[in-house]
Amino acid sequence: MVVVAIIATLMLIAVPSFRWIYNVGRLTTPANELVATLQTARMESIRRNTRTVVCRSDNPDAGATAACTAGGGAWGGWIAFVDNGDNGAGVLNAANARNGVRDAGETLLRATTSAAPIEVRGSAAVGAEANTVVFRSDGLARATSTGNPMSAIFSVCIPDASIGENSREVRLVAGSRISVSRFATAGVCAVPPNTR
């Protein structure tokens, strides 16, 4: 009986710690994947001397038919692709180049799915660009309306108030600098501001 009581006491102490570790992993993995996607798109835009796009996608696992989704709300996934109008056979179609839409044949760089209960949301600067971040050949993401380097935040969040720091913010500053910060949002997963 004493051994069972000791084990029960240890479990009462350990279980909350395991839950915290589990939730930290659930937040860190998609935040790191979003950082990797943005960095890959930026590097490929410079390397290929052409535009690359990171966008919200409702079908990121669809391979050749993975496409961008312009609607609002939480991101269930995202893709990065080369926006050069390539038809897949090395022939460029000028009508499809630089249109911000993944056309047939354009190279898919990365595709990621985010599982519930994780909610990924872009700030208003991303929403204003139809849920896309476009890196030009100089490696800078720029706002379409102004041409200025983009500053935006992506929130990767679990809507659970029992988790202390239930949000990771992936920041894109001055069109190229990418960083991650932890935040406590009291269990609310809202659209983040463009800057902090």
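Below: a short report on this structure.

Calculation criteria
Residues numbered from 1 in each chain as written. Predicted model: local features only at pLDDT ≥ 70, side-chain atom pairs only at ≥ 80, totals over all residues. Heavy atoms only, no water. Core = buried A, V, L, I, M, F, W, Y, C linked by side-chain atoms within 4.5 Å. Buried < 20%, exposed > 50% of the residue type's maximum accessible area, 1.4 Å probe, protein only. Helix = DSSP H or I, 4+ residues; strand = E, 2+ residues; numbered from the N terminus. Contact = heavy atoms within 4.5 Å. Pairing = 2+ DSSP bridges. Axes fitted to C-alpha atoms, helices over the stretch in contact; angles between N-to-C directions.

For the rest of this paragraph, the subject is the nonpolar core. By size, the foremost hydrophobic cluster in this structure holds 26 residues, and its most contacted members are Leu 38, Val 133, Phe 154 and Val 170. Elements with a contribution of two residues or more to this core: helix H1 (2-48), strand E2 (77-82), helix H2 (124-127), strand E5 (132-135), strand E6 (152-157) and strand E7 (167-173). With six residues, H1 is the single largest residue contributor to this core. In this structure, Val 133 is in contact with Leu 38, Thr 52, Val 53, Val 54, Val 126, Ala 141, Met 150, Phe 154 and Leu 172, ignoring residues within four places of it in sequence.

Glancing now at the sheet that holds strand E1 (residues 52-56). Taken in spatial order, the four strands line up as E3-E2-E1-E5 in an open sheet, and their pairing is antiparallel. Looking at the sheet topology across the chains shown, the edges are occupied by strand E3 (108-113) and E5. Direction aside, the axes of adjacent strands within the sheet are offset by 10° on average. Both E1 and E5 contribute to a ladder of four bridges, which runs antiparallel. Looking at the pairing, Val 53 lines up with Val 134 of E5.

Don't take any of this as a statement about function, it's just geometry.
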